Amino acid sequence: MVSGIACGQMASQKKIGAAVMTTERVSRKQKVIYLDHHATTPLDPRVLEAMLPYLTEEFGNASSATHVYGWRAKEAVEQARQQVARLIGARGKEIVFTSGATESINLALQGIVKAYKDRPARIVTTTIEHRATLDCCDHLGSQGCEVVLVGVDHEGFVRLDELEEALKTPTLLVSIIHGNNEIGTLQDLRAVGELCRKAGALLHVDAAQSLGKTPLDVRELGIDLLSMSAHKLYGPKGVGALYVRSGSPGVRLQPLLHGGGQERGLRPGTLNVPGIVGFGKACSLAAELIEQEAARLSALRDLLWELLETQIPNIRLNGPRRCRLPNNLNVSFANVEGESLIMALRDVAVSSGSACSSAKREPSHVLRAIGLSKALAHASLRFGLGRWTTDEEIRYAARRVAEEVQRLRAMGFGDEGNDAPTDTA
Ligand SMILES: Cc1ncc(COP(=O)(O)O)c(C=O)c1O
């Protein structure tokens, strides 16, 4: 099934370089199928259209209170604030615009530790977080904050008994990734929220990958802080937001930067008006499309797995079958070196894991955390489907992966010790 909206986009897709594009490393005419939507997404043409006036004639500074240019920019920012808030069941005043999820996560974690000097500086997080969280926790650890990592099961679900145990010691904040950027596992936020409430700990959620992909209501789930990014949701790069719960009492937060007082002093600096407008539009589109897009992409994702599974022996699905980001598939191919496979697949853009760490030769910490050997973790590919991914592209990609896996296996291009996967679930 291809949704009407998705079909409607196909004509403009080539104009702005959406799912099919060319690179320097392949011939200029060769089509490259984009299946790396966890790294980033193409800009939706409707988002671009909403942004264009604010890149041209509506160039005002949203903080200019003395003329119409500033008023119009401010009005556009406030409309976007409402659009972002609506997607997560929040109020506009609870949204702080930032440069992306990395900044939001840093503001949440460091800003909470700074604001709650009267409470134990103790953060509980998990072994499968994005580097933005893990590196920020390392930094806080070097400043004297206690950081506890809770493990996950073989599908990447946080061990709730371990979390409960960790929360027996007074804890300031729990930080948890909602949709995992590598294996797609969607955590049970309701259960995590209940444990946090019982223990009196604040809850921060990294929703960079899940925002607009699966329904999420901060109030219903008892979330105190939530990090978001526009470029994972067909919006522009370099813009994101942090939800900070208000109420009595609301969440206290200290800024990381000091300056002009924008965003109620929590994130000073001239606002990126076109980016914020684009983020708002991306959120309102996601709210409209969320159900049909999730159904369409999860069906395509399941088709991809079926095709791979029937054509290639000795492969393993990483992450769960259910409670998974609809656009995510992560597969290990025994006896194939993942990097060689990626290099061979010049016409299919996939990755071996997080874009931020794909330059490193270290095996994915997420795959290791769910129990994969180093060799099998190195033999894994992440497929990320998106708004314009088609059935035809999925069938082509599956065929190409099968061809290259077969070729590399025949050449003996596996990592040493990269043996048959034990779990092909
Ligand atoms: C789960 C997760 N958290 C945080 C980030 C960082 O987001 P940004 O690129 O907006 O800084 C990413 C980006 O890959 C992500 O996947």
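The shown structure was predicted, so the numbers you read here are calculated from the model rather than taken from an experiment.

The rules we used
- Residues numbered from 1 in each chain as written.
- Predicted model: local features only at pLDDT ≥ 70, side-chain atom pairs only at ≥ 80, totals over all residues.
- Helix = DSSP H or I, 4+ residues; strand = E, 2+ residues; numbered from the N terminus.
- Buried ≥ 20, exposed ≤ 12 C-beta atoms within 10 Å, placed from the backbone.
- Contact = placed C-beta atoms within 7 Å.
- Axes fitted to C-alpha atoms, helices over the stretch in contact; angles between N-to-C directions.
- Parallel < 35°, antiparallel > 145°, perpendicular 65-115°, else oblique.
- Left-handed = near helix turned anticlockwise from the far one by under 90°.
- Nonpolar A, V, L, I, M, F, W, Y, C, P; charged D, E, K, R; others polar.
- Near = placed C-beta within 6 Å.
- Domains from an automatic or database assignment.
- Pairing = 2+ DSSP bridges.
- Expected span 1.5 Å × (residues − 1).
- Arc of directions from axis to C-beta.
- Core = buried A, V, L, I, M, F, W, Y, C linked by C-beta atoms within 7 Å.

**Student:** What is the right way to look at the overall build of the protein in this model?
**Tutor:** Helices and strands together make up the secondary structure of the protein, namely 13 helices and 13 strands. Out of the 425 residues belonging to the protein, those deemed buried represent 51%. Sequence-distant contacts in the protein: of pairs separated by 6 or more residues, those separated by 24 or more amount to 75%.

**Student:** Sorry, what's going on with the packing of helix 9 (residues 273–311) against helix 13 (residues 391–411) here?
**Tutor:** When two helices pack together, their arrangement is given by the angle between the helix axes and by the axis-to-axis distance. At a minimum axis distance of 9 Å, the contact between helix 9 and helix 13 shows a crossing angle of 25°. Relative to helix 13, the element helix 9 lies roughly parallel. Crossing of helix 9 against helix 13: the hand is right-handed. Each of Leu300, Leu303, Leu304, Leu307, Leu308 and Gln311 in helix 9 lies in contact with helix 13, whose residues at this interface are Asp391, Ile394, Arg395, Ala397, Ala398, Val401 and Ala402. Taken together, the residues of the contact of helix 9 with helix 13 break down into 10 nonpolar, one polar and two charged.

**Student:** What's the story with the site of the ligand in this structure? I'm lost.
**Tutor:** Taken together, 15 residues lie around the ligand, and Gly100, Ala101, Thr102, Asn181 and Ser229 are the ones closest in. In terms of residue class, the shell around the ligand is made up of six nonpolar, eight polar and one charged. Of the domains in this structure, domain 1 (4–43 + 290–411) and domain 2 (47–284) are the two that each give at least three residues to the shell around the ligand.

**Student:** I tried to follow the sheet that holds strand 11 (residues 328–333) on my own but got confused; where do I start?
**Tutor:** Two modes of strand pairing occur in sheets, parallel and antiparallel, and in both the strands are linked by backbone hydrogen bonds. Taking strand neighbours across the sheet as the criterion, the three strands line up as 10-11-13 in an open arrangement whose pairing is antiparallel. At either margin of the open sheet sits one strand with a lone partner, and together these are strand 10 (315–317) and strand 13 (380–384). With direction set aside, neighbouring strand axes in the sheet form an average angle of 25°. Where strand 10 meets strand 11, three bridges bridge the pair, whose relative direction is antiparallel. When the bridges of strand 11 are listed, arginine 316 appears paired with serine 332. Contacts from helix 9 reach strand 10, strand 11 and strand 13 within the one sheet, and its direction differs from that of strand 11 by about 15°.

**Student:** Would you mind going over helix 3 (residues 68–88) with me for this structure?
**Tutor:** Spanning 21 residues, helix 3 covers 31 Å between terminal C-alpha atoms, matching the ideal 30 Å at 1.5 Å per step. Listing the buried residues of helix 3 in full gives Ala73, Ala76, Val77, Ala80, Arg81, Gln83, Val84, Ala85, Leu87 and Ile88. Here the buried face of helix 3 lies against helix 2 (45–55), strand 3 (95–98), helix 8 (218–221), strand 8 (225–229), strand 9 (240–244) and helix 9. Of the residues one or two after helix 3, glycine 89 is the one with positive phi, at around 70°.

**Student:** Explain the sheet that holds strand 3 to me, please; I cannot follow it from the model alone.
**Tutor:** Read across the sheet, seven strands follow the order 3-9-8-7-6-4-5 without closing on themselves; strand pairing throughout is mixed. The sheet terminates laterally at strand 3 and strand 5 (146–150), the two strands that pair on one side only. Geometrically, the sheet is characterised by an average inter-axis angle of 20° between neighbouring strands, direction not taken into account. The pairing of strand 6 (residues 173–177) with strand 7 (residues 202–206) spans five bridges and is classified as parallel. Opposite serine 175, over in strand 7, you have histidine 204 as the bridge partner. Of the strands in this sheet, strand 3, strand 8 and strand 9 are in contact with helix 3, which crosses strand 3 at around 115°.

**Student:** What should I look at first to understand helix 2 in this one?
**Tutor:** Since the α-helix turns once every 3.6 residues, residues separated by three or four places project in the same direction. Residues Val47, Leu48, Ala50, Met51 and Tyr54 constitute the buried set of helix 2. Buried positions in helix 2, seen along its axis, are confined to an arc of 165° and lie on one side of it.

**Student:** Got a minute to help me understand the nonpolar core in this structure?
**Tutor:** One recurring pattern in soluble globular proteins is that nonpolar side chains are buried together. In terms of nonpolar packing, the biggest core is built from 119 residues, with Leu109 and Tyr243 touching the most fellow members. Here the element with the most residues in this core is helix 9; it accounts for 12 residues. Each residue touching tyrosine 243, except ones within four places of it in the same chain, is listed here: Ile88, Ala90, Glu94, Ile95, Val218, Leu225 and Leu226.

**Student:** What is the right way to read unusual backbone geometry from this model?
**Tutor:** Residues apart from glycine generally show negative phi values, whereas peptide bonds are mostly found in trans. Put simply, serine 248 and proline 249 share a cis peptide bond, and its omega is 0°. In this structure, proline 249 sits in the loop between strand 9 and helix 9. One non-glycine residue, cysteine 323, lies in the positive phi region at around 55°. Within the secondary structure layout, cysteine 323 lies in the loop between strand 10 and strand 11.

**Student:** Would you take a moment to explain the packing of helix 4 (residues 101–115) against helix 5 (residues 131–142) for this structure?
**Tutor:** Between helix 4 and helix 5, whose axes approach to 9 Å, the crossing angle comes to 30°. Relative to helix 5, helix 4 is oriented roughly parallel. Once helix 4 is placed against helix 5, the crossing between them reads as right-handed. Within the contact between the two elements, helix 4 uses Ala101, Thr102, Ile105, Asn106, Leu109, Gln110 and Val113 and helix 5 uses Ala132, Thr133, Cys136, Cys137 and Leu140. For the contact of helix 4 with helix 5, the residue count by class is eight nonpolar, four polar and no charged.

**Student:** Before we go on, may I ask you to explain the environment of serine 229 in this structure?
**Tutor:** Looking at where serine 229 falls in the secondary structure, it is placed in strand 8. Classification of serine 229 as buried rests on a count of 28 C-beta atoms within 10 Å. Here the alpha-carbon distance between serine 229 and serine 99, two residues 130 residues apart in the chain, equals 8.1 Å. Residues within four places of serine 229 in sequence aside, it is in contact with Gly100, Ala101, Ala208 and Gly240.

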